[in-house]
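# Structural features, examined
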Amino acid sequence: MLINHCNKTHHLIVPLMLVAILWFAIYANYWYFLLLLIPIIYLLNNHLTLKQILVYALIVIVLVIIGVCCHNINLWQHLGSGLDRLLHFSVRDHVQNYVSNSYDKTTSSFINLILFNIKDYPANTTYYHMKDLSVVYLIVVSGFHISILKRGVTFILRRSPRWANVVNILLITFYCYLLNFAISVTRVLLMFLVGLIFSKKLKNRIDVLAIAGLISVSLAPTCVFNVGFCMSYLCTLVIILIYRLNIHNVLLEKLFISIAATLVSLPFIVYMQQQISLWAIFNSFALSYVFAFVFIYFLMTFWIIWIGVIQHALVVGINFIINASWTSNTVIPISNWPPLISCSYFIVFYLGIIMLQSYKNT
């Protein structure tokens, strides 16, 4: 069975899956209706009551109606600009200009890329090299980076959990603002808030993830077509499932996470690049900790301009690592997958997860 019932499960992932699948099938291609096999298999493996099924059907109907009526509305896009108009001042622009004016072009461009997702020269070369390595998500700020930030604050303030929660809320919200509330980064904020508000009722991380996704879809129905949304939520889901396997070897667990995250992201990598690195899994495993350190380092020190020499040296070192990896990289050209192939891939991937979970439970 896919879900471990040591904690009560509300199976809220079901309406989220249904909404996403229906939107893809209706607005992208009818072949995506095949993906309905996944929630059907889920329902067969998890004995939901008729009441639960009716409630989830109602949620789906409401979200579909919202999507039809407000198809072109994205409240996330207006949230950052609305705050700027309220304050009559853009903190986001000020911070980004501060970085650009305080460092040389190479250093400022890299800092703006890794902290604010700004792809200008010469850091855009680094960005495209990371794309060829199939690990561009490591250098583009996403939920992965915000999660690192949250864990860091929680660790530092571990003796004062309440203060840790307050600092996390303020810091993550501010950082989401700096990134104009990108869908992939607001996932962490939503999951954190949902986890706090419903801490007594929601013990299952997949339910927390599902509610965050449902909130995002209700505020921006077309976010399901956003590659960042799909990769962020799918990767988080498989990571949660890998953690539930209770692999005692930390190195083996991290390797499993790299493999699972790369495999679940494969259709999106193909869609964006029409190629994949032969060493994608190894690159992900080897570079993830490097860029986790680089992200935290620059987040904590980008404002300290008197250590600019150190900042520049680190940027040069990171660029050397990326360029060296890129020159020895081997890419496999892959034509963009038709919807039928993508659907079949995700169905087989899901069945593989079920088999792995069943094997672990035996």
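Everything here concerns the structure above.
Residues numbered from 1 in each chain as written. Predicted model: local features only at pLDDT ≥ 70, side-chain atom pairs only at ≥ 80, totals over all residues. Heavy atoms only, no water.

### Regarding the packing of helix H1 (residues 13-27) against helix H11 (residues 205-219)
At their nearest, the axes of H1 and H11 sit 8 Å apart, and the two run at 40 degrees to each other. By crossing handedness, the relation of H1 to H11 is classed as left-handed. Within the contact between the two elements, H1 uses Ile13, Pro15, Leu16 and Val19 and H11 uses Ile206, Ala210, Gly213, Leu214 and Val217. Looking at the contact of H1 with H11 residue by residue, the class counts come to eight nonpolar, one polar and no charged. (Axes fitted to C-alpha atoms, helices over the stretch in contact; angles between N-to-C directions. Helix = DSSP H or I, 4+ residues; strand = E, 2+ residues; numbered from the N terminus. Left-handed = near helix turned anticlockwise from the far one by under 90°. Contact = heavy atoms within 4.5 Å. Nonpolar A, V, L, I, M, F, W, Y, C, P; charged D, E, K, R; others polar.)

### Quick word on the pattern of salt bridges
Throughout the structure, instances matching the rule amount to two salt bridges. Across the pair Arg92 and Asp84 runs a salt bridge whose closest N-O atoms are separated by 3.1 Å. Asp84 matches Arg92 in its accessibility class, with the two residues each being buried. As a salt-bridge pair, Asp120 and Lys105 come within 3.8 Å of each other at their nearest N and O atoms. Taken as a pair, Asp120 in the loop between helix H6 (105-116) and helix H7 (123-132) and Lys105 in helix H6 lie far apart in primary sequence, 15 residues in all. Residue classification places Asp120 among the partly exposed residues on the basis of a relative accessible area of 25%. (Salt bridge = Lys/Arg side-chain N within 4 Å of Asp/Glu carboxyl O. Buried < 20%, exposed > 50% of the residue type's maximum accessible area, 1.4 Å probe, protein only.)

### Thoughts on the packing of aromatic side chains
Using the criterion set out here, one finds 16 aromatic pairs in the structure. For the pair Phe24 and Tyr32, a centre-to-centre distance of 5.3 Å together with 55 degrees between the ring planes defines the contact as tilted. Look at Tyr32 and you get buried, because its relative accessible area is 16%. With centroids separated by 5.9 Å and ring planes inclined at 45 degrees, the aromatic side chains of Phe268 and Phe346 adopt a geometry described as tilted. (Phe/Tyr/Trp six-rings, centres within 6.5 Å; stacked < 30°, edge-to-face > 60°.)

### Some thoughts on the nonpolar core
The nonpolar side chains of a soluble globular protein tend to be buried with one another. Counting 109 residues, the largest nonpolar core has Leu115, Tyr175 and Phe298 as the members making the most contacts within it. If you tally residues by element for this core, the top one is helix H12 (residues 227-243), at 11 residues. (Core = buried A, V, L, I, M, F, W, Y, C linked by side-chain atoms within 4.5 Å.)

### What about helix H5 (residues 91-102)?
Helix length check: H5 (12 residues) gives 16 Å between terminal C-alpha atoms against 16 Å at 1.5 Å per residue, within 8%. Considered for burial, the residues of H5 that qualify are Arg92, Val95, Gln96 and Val99. Projected down its long axis, H5 carries its buried residues within an arc of 95 degrees, all on one side. Packed against the buried residues of H5 are helix H4 (75-87), H6 and helix H9 (161-178). (Expected span 1.5 Å × (residues − 1). Arc of directions from axis to C-beta.)

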